[in-house]
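# Structural overview for review
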Protein chains: 2
Amino acid sequence: MMRFSTLMKKPADWMSGDVHQTPVVLTSRVRLARNVTDSPFPGWAKKRERQLVFGAIRGELEALGVMKDGFSHELSELETVQKQVLVERHLISREQAARSEGSGAVVNRKQSLSVMINEEDHLRIQAIRPGLELQEAFELSQSVNRGLESKVDFAVDGTLGYLTACPTNLGTGMRASAMLHLPGLVLSDLINQVLKGVNKMGLAVRGIYGEGTESLGNLYQISNQSTLGESEEEILERLSKVIGDVAVYEQQAREKMAKEDGILLKDRVGRAAGVLGNAYVMTSKEALNHLSMIRLGATQGMVPESMVAVCDRLVMESQPAHLQWNSGKKIEPEERDVLRAQMIREHLQSSFPAAIDDIDQSL
Amino acid sequence: MMRFSTLMKKPADWMSGDVHQTPVVLTSRVRLARNVTDSPFPGWAKKRERQLVFGAIRGELEALGVMKDGFSHELSELETVQKQVLVERHLISREQAARSEGSGAVVNRKQSLSVMINEEDHLRIQAIRPGLELQEAFELSQSVNRGLESKVDFAVDGTLGYLTACPTNLGTGMRASAMLHLPGLVLSDLINQVLKGVNKMGLAVRGIYGEGTESLGNLYQISNQSTLGESEEEILERLSKVIGDVAVYEQQAREKMAKEDGILLKDRVGRAAGVLGNAYVMTSKEALNHLSMIRLGATQGMVPESMVAVCDRLVMESQPAHLQWNSGKKIEPEERDVLRAQMIREHLQSSFPAAIDDIDQSL
């Protein structure tokens, strides 16, 4: 079985850090909700019933080839900070982290597949792929679904489809989404117009890491709203089409900015690099926004492409629980801002002299 | 005679760039107002009268040993940008730059002595020294005054002293001032309290480069208000005492900050360095404020001392007329912000890798 410390050291395989593979669409994600027939939904089940379902499903999951030697834990076995790390890695949900006995997660070694047991539904099978690969993510999640189907009786209605604890997931039980980096649309003030268009297509869109409609690091998630009345293929096709269009708008906005406001764009990227490499106190909000500019700079040839992997990893590791776990001790919020700045500085100072030279040569 | 281009290339001798000599008091300046007996004050004189006074005094000044091979021009011989450069170097006043025939300046090679002819008075003899050296600056200005006294009849009243165009200069005709760098008092929110105290001592204080009470780069000028009823020695002694006290308060504020808020201070200094070294568009206001932080960092051992000379020179050369003259062409204000950022970046990138390492080792 994979140890927690091994999981911490290894970035997930979908964190490609390749700016050509993921210039705009960072990740594609598919999540399938499934329930077994012989037990109440987790929210209504007694502790003993949850434990029985957890034990049975965990055993079947661990036996699947695709989940071999993965990470597998009941949440009650984990410390609070470990659960928060799993949330920050998108491997479990915030809601799942709050649950205890009879609730847990099984994650494959590549961290591309994660199954939550007894979250809102008995099973939430999640697959993540880098770039715009919704179909591939769906197939990956299906590999777990199919592996379990022969061993477990899933609750299915002949007309409706898969039954779920909440009716918003009824039918396919599928939520597909992509995480997009949209600094070009944000800086060009086109973002609201584009997001409104996405909404009109019947898709949901929200800022990531922000509260309400605020977005940090210019990151947005687009996902399907309805799970009923369309096949998985139809949903994925429509979603891929819209996300692909948004990515094109974003690329156009970047090119326009680089062409018409090149020096201002360079200024933003340079300042972000300068502050990240030299600050001694930094909130996670500020870090995310500066890292967003470096990633943008890399796609426009202003920063070496090798910086993208560094930045993507810093976005993950500058989050509170990651910082706390890596520090090996309990830290106060103010101390966290100092540690975050230190970690970012150390990573960037080894990588940035080249970056700064590069910017200069392109003057 | 010294050419304008030579003056541009040479920093003045009072720009020591030595942080031990000038940790708080950057420069001391003494200015003597004098008028000759046989001509009306410049504001009332006809052009022909001004030209006669100008010719006579200029000749006497150029003949003085201390002004040998200096810079000497009637202002009408200079381009607008050249006059602006002299203002930015504190060699002539903004008012003087607006005057034309019969008005001019003679500056010694070291740029430590500058005499304006036909500004508000027939003569304004100005001496600048680095650090808190008001007495030395006074003696330097006296060397010119004495040299002229034997050749020219100065207008003196037996009771009042030297006669001047404006009664606020009557008596000694002396205005002595020091330029202080007070980031510690500003960041500790003690500045208004200290400045109020200085005012109560009958001294004038104002922010440099700012409009009204605003100060840019945390630079303040303290000077005597009255020129009558006290001897030069009494004025200089009182002024030196008060300025010395303010410098002590500033040093105490810096030490307290470094001790109690060391990481925040480092953060400010580091961010300033990061932005100066990596921005592509920068106003002179922003540049002054960041350069102020680098100078502060150097006095607290956070930045190599060699950076002080670089920063002091950048404060001078990032001013609009200096930028324009050095670019060799007419430039628009937006272009100026780009050129300024470029000049600063080029100077700091060759100096800063060491600086950043230095900050890190002291963590």
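Residues numbered from 1 in each chain as written. Chains lettered and ligands numbered in written order. Predicted model: local features only at pLDDT ≥ 70, side-chain atom pairs only at ≥ 80, totals over all residues. Heavy atoms only, no water.

Let us now look at the overall build of chain A. When helices and strands are tallied, chain A shows 13 helices and ten strands. Here chain A holds 363 residues, and the buried ones make up 56% of them. The contacts of chain A with a sequence gap of at least 6 include a subset with a gap of at least 24, amounting to 72%. Mean positive and mean negative side-chain charge positions of chain A (42 and 48 charges, respectively) differ by 3 Å. (Helix = DSSP H or I, 4+ residues; strand = E, 2+ residues; numbered from the N terminus. Buried < 20%, exposed > 50% of the residue type's maximum accessible area, 1.4 Å probe, protein only. Contact = heavy atoms within 4.5 Å. Lys, Arg positive; Asp, Glu negative; His and termini not counted. Charge placed at Lys NZ, Arg CZ, Asp CG, Glu CD.)

This next bit is on the domain arrangement of chain A. Residues and elements named next belong to chain A. Segmenting chain A into domains produces domain 1 (4-254) and domain 2 (261-362). Relative placement of domain 1 and domain 2: their C-alpha centres are 27 Å apart. In this complex, domain 1 contributes 28 residues to the contact, which on the side of domain 2 involves 26 residues. For the pair domain 1 and domain 2, the number of links is zero salt bridges. For the side of domain 1 that touches domain 2, the secondary structure elements donating two or more residues are helix 1 (4-9), helix 3 (80-88) and helix 6 (183-187). The dominant element in the side of domain 1 that touches domain 2, judged by the number of residues it contributes, is helix 3, at five residues. (Domains from an automatic or database assignment. Salt bridge = Lys/Arg side-chain N within 4 Å of Asp/Glu carboxyl O.)

This paragraph deals with helix 10 (residues 284-299) of chain A. All names here are of chain A. Here helix 10 spans 23 Å end to end across 16 residues, near enough to the 22 Å set by a 1.5 Å rise per residue. Listed as buried for helix 10 are Ala287, Leu288, His290, Leu291, Ser292, Met293, Ile294, Arg295, Leu296, Gly297 and Ala298. In the stretch just after helix 10, Gly301 is the one whose phi turns positive, near 75 degrees. (Expected span 1.5 Å × (residues − 1).)

After a rotation of 180 degrees and a shift along the axis of 0.0 Å, chain B superposes on chain A with an RMSD of 0.0 Å. One copy is carried onto the other by what is essentially a two-fold rotation axis. When each C-alpha of chain B is compared by its distance to the rotation axis, Gly274 of chain B comes out closest, at 1.9 Å. In this assembly the copies share their binding face: 100% of the residues contributing to the interface of chain B also contribute to that of chain A. (Least-squares fit on C-alpha atoms with pLDDT ≥ 70 in both.)

Once that is clear, we can look at the confidence of the model for chain A. All names here are of chain A. In this model, chain A carries a mean pLDDT of 90, and residues with pLDDT of at least 70 account for 94%. Mean pLDDT across the elements of chain A bottoms out in helix 13 (residues 333-361) (70) and peaks in strand 4 (residues 113-117) (97). Note on residues 352-363: pLDDT under 50 across the span, and 25 contacts to partners over four residues away in sequence or across chains. Per the prediction output, this complex has pTM 0.88; the corresponding ipTM is 0.86. (pLDDT = per-residue confidence, 0-100.)

Let's shift gears to the interface of chain B and chain A. Facing 22 residues of chain B, the contacting portion of chain A comprises 22 residues. Note on chain B versus chain A: buried area summed over both sides is about 2000 Å², and carbon and sulfur give 58% of it. For chain B, the biggest contributors to the area lost against chain A are Arg271, Asn278 and Tyr280 of chain B; these three give 33% of the whole. In this structure, the connection of chain B to chain A is made through two salt bridges. Residues Arg271 of chain B and Glu286 of chain A are paired through a salt bridge, measuring 2.7 Å at the closest nitrogen-oxygen approach. In this assembly, chain B and chain A are joined by eight residue pairs in polar contact (both at pLDDT 80 or more). Secondary structure elements with two or more residues in the side of chain B that touches chain A: helix 9 (262-278) and helix 13 (333-361) of chain B. (Buried area = accessible area lost by both parts, 1.4 Å probe. Polar contact = N/O pair within 3.5 Å; in protein donor to acceptor, adjacent residues only side chain to side chain.)

Moving on: the sheet that holds strand 2 (residues 71-74) of chain B. To summarise the sheet geometry, strands pair through backbone hydrogen bonds and adopt either a parallel or an antiparallel arrangement. Residue and element names in this part refer to chain B. Taken in spatial order, the eight strands make up an open sheet running 2-3-4-5-1-8-10-9, and their pairing is antiparallel. Across the chains shown, the open sheet's two edge strands, defined by having one partner strand only, are strand 2 and strand 9 (203-207). Between one strand axis and the next, the sheet turns through 15 degrees on average, direction left out of account. Relative to strand 4 (residues 113-117), strand 3 (residues 104-107) runs antiparallel, the two being bridged by four bridges. Its bridge partner lying in strand 4, Val107 is registered against Ser114. On top of the sheet, helix 5 (residues 134-149) reaches strand 1 (25-34), strand 4, strand 5 (123-130) and strand 8 (174-181); it is set at about 30 degrees to strand 1, its chief contact. Against the sheet, helix 8 (residues 232-260) contacts strand 1, strand 8, strand 9 and strand 10 (219-224), and its axis sits at roughly 10 degrees relative to strand 8. (Pairing = 2+ DSSP bridges. Axes fitted to C-alpha atoms, helices over the stretch in contact; angles between N-to-C directions.)

Now for the packing of helix 3 of chain A against helix 12 (residues 320-327) of chain A. Residue and element names in this part refer to chain A. Close contact between helix 3 and helix 12 brings their axes to 8 Å; oriented N to C, the two are set at 135 degrees. Between helix 3 and helix 12, the angle is such that the two are oblique. Of the two possible hands of crossing, helix 3 and helix 12 adopt the one that is left-handed. From helix 3, Val81, Gln82, Gln84, Val85 and Glu88 reach across to helix 12, where they touch Pro320, Ala321, His322, Gln324 and Trp325. Class assignment for the residues of the contact of helix 3 with helix 12 results in five nonpolar, four polar and one charged. (Parallel < 35°, antiparallel > 145°, perpendicular 65-115°, else oblique. Left-handed = near helix turned anticlockwise from the far one by under 90°. Nonpolar A, V, L, I, M, F, W, Y, C, P; charged D, E, K, R; others polar.)

Residues and elements named next belong to chain A. Structurally, Ser292 is set in helix 10. Using a relative accessible area of 4% as the deciding quantity, one classes Ser292 as buried. With sequence-adjacent residues up to four places away left out, Ser292 is seen in contact with His181, Pro183, Gly217 and Asn218.

An ideal rise of 1.5 Å per residue puts 16 Å on twelve residues; helix 11 (residues 306-317) of chain A measures up with 17 Å between its terminal C-alpha atoms. Within the sequence span of helix 11 of chain A, burial applies to Met307, Val308, Val310, Cys311, Asp312, Leu314, Val315, Met316 and Glu317 of chain A.

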